[in-house]
Amino acid sequence: QDYLHEQEGALDGMPFNATLRRFLDDQRFDHKGSIILDDSGDIIASRAKIAFDNLDMNDAAQVMALMKSQAKVANEQPINTGRDTAVPSFFTFNAIYYLWDFLIEIEVELKITTIIGVTSMSLMALIFLPHWSGIIFVVPMIISLYVDMMGIFHLAGIELNGVSFVTIIMSLGLYVDYVLHVLLCYYESDGTTREEKVTRMLSTVGSSVLLGGL
C-alpha cells in the first residue's frame, strides 16, 4: 500500500508485467526469490508464507482437520480446475506435511491392515489346526483382545502415531500365538474326553501362556 501510494500516477496505464518488474526492482522489497518470471515478464511460479493461528501441533485431531481443510481450499481454486488433485497448480507445503499426511493415512491403513491380518491369520488357523472347529475360538478371541487393547489405549490417552501403529499390528501376532498354543495342545492331547484334554492342556502350556500374558 505504501508503494502504491508513493507511485500514485506513475503506474497509470503501465502494463501489469511492467508494473511488477518495477516493484521487484525496488530494493526495499526483496521478493525476487519468491516470484519467478519468464523472459516476457509473465509469472510462472510464486510463493508466499502463511501462518496457521491457534494451532496446537501436538493435537493430532487439529492437525488432521487443518490438512483436510487446506487441501479443500486449494482444490477449490479456479487455477486448479480440471487438474489432477495430485499435481495442483496452487497448493500449500511444508516439510512437516509428510508427518501430518501420515497421521491422516494411518487411520485408513490401520483398518485395512487389521482386516487383512485377522483374515489371514484365521485362514492359516483353519488350514493348520487339526480340526476346523478351532476357527470358532480363534476369530472371536483375536477380535475381543484387539477391542480390549484399543480400549486400554483410549483410557490411557495413547494417541495413534507411528509407534502405537506398529505396536497394534505386532500385537495381532501375539494374540493368535497364545490362542493357537492352547488349541494345538488341546487337539494333540491324548486324552479321551474333553475334560482330560483340557486338564492336560492346562498342565502343559497353561502356565507358560499365563506367564506370557502377565
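Draft legend 1. Quick peek at the overall build of the chain. In terms of helices and strands, the chain carries seven helices and two strands. Each helix (α) and strand (β) of the chain, taken in turn from the N terminus, gives the series α-α-β-β-α-α-α-α-α. Taking 214 residues into account, the globule formula puts the C-alpha radius of gyration at 17 Å, and the chain, at 31 Å, lies well above it. By its C-alpha atoms, the chain is 105 × 35 × 20 Å across when sized along the principal axes. Counting over 214 residues, the chain shows a buried share of 26%. Relative to all contacts within the chain whose residues are 6 or more apart in sequence, the contacts with residues 24 or more apart total 45%. Roughly 15200 Å² of accessible area belongs to the chain as shown, and the carbon and sulfur atoms make up 63% of that amount. Averaging the positions of the 13 positive and the 26 negative side-chain charges in the chain gives two centres separated by 2 Å.

Draft legend 2. The arrangement of the packing of aromatic side chains in detail. Summed over all chains, the structure comprises four aromatic pairs. Seen in terms of ring centroids, Phe93 and Tyr98 are 5.8 Å apart; in terms of plane orientation they differ by 75 degrees. Their pairing is edge-to-face. For the residue pair Phe93 and Tyr98, the accessibility class agrees, reading exposed in each case. Sitting over the face of the ring of Tyr186, Lys197 holds its NZ or CZ atom 5.8 Å from the ring centroid.

Draft legend 3. View of helix α5 (residues 134-156). The end-to-end C-alpha distance of α5 is 33 Å, a good match for the 33 Å that 23 residues give at a rise of 1.5 Å each. Residues of α5 that are buried in the fold lie against α4 (97-128) and α6 (162-188).

Draft legend 4. The arrangement of the pattern of salt bridges in detail. Counting across every chain of the model gives three salt bridges. Note that Glu76 and Lys72 form a salt bridge whose closest N and O atoms lie 2.6 Å from each other. When sorted by exposure, Glu76 lands in the same class as Lys72, which is exposed. A salt bridge links Lys111 to Glu107; the shortest N-O distance between them is 3.9 Å. On the criterion of helical spacing, the pair formed by Lys111 and Glu107 is a turn pair, its members being four residues apart in helix α4. Judged by its relative accessible area of 52%, Lys111 is exposed.

Draft legend 5. Structural view of the nonpolar core. Core analysis: the largest hydrophobic core is formed by 21 residues, its most contacted members being Val138, Ile142, Tyr146 and Leu172. For this core, the secondary-structure elements that each account for two or more residues are α4, α5 and α6. Among the elements that make up this core, the one with the highest residue count is α6 (nine residues). For Leu172, the contacting residues outside a window of four places in its chain are Thr114, Val118, Met121, Ile142 and Tyr146. Of all hydrophobic cores here, the second largest spans nine residues; its members include Val63, Met64, Leu66 and Trp100.

Criteria and cut-off values
- Residues numbered from 1 in each chain as written.
- Predicted model: local features only at pLDDT ≥ 70, side-chain atom pairs only at ≥ 80, totals over all residues.
- Heavy atoms only, no water.
- Helix = DSSP H or I, 4+ residues; strand = E, 2+ residues; numbered from the N terminus.
- Rg over C-alpha atoms; globule rule 2.2 N^0.38 Å.
- Buried < 20%, exposed > 50% of the residue type's maximum accessible area, 1.4 Å probe, protein only.
- Contact = heavy atoms within 4.5 Å.
- Areas by Shrake-Rupley, 256 points an atom, 1.4 Å probe, with all protein chains shown as cover.
- Lys, Arg positive; Asp, Glu negative; His and termini not counted.
- Charge placed at Lys NZ, Arg CZ, Asp CG, Glu CD.
- Phe/Tyr/Trp six-rings, centres within 6.5 Å; stacked < 30°, edge-to-face > 60°.
- Lys NZ or Arg CZ within 6 Å of the ring centre and 35° of its normal.
- Expected span 1.5 Å × (residues − 1).
- Salt bridge = Lys/Arg side-chain N within 4 Å of Asp/Glu carboxyl O.
- Core = buried A, V, L, I, M, F, W, Y, C linked by side-chain atoms within 4.5 Å.

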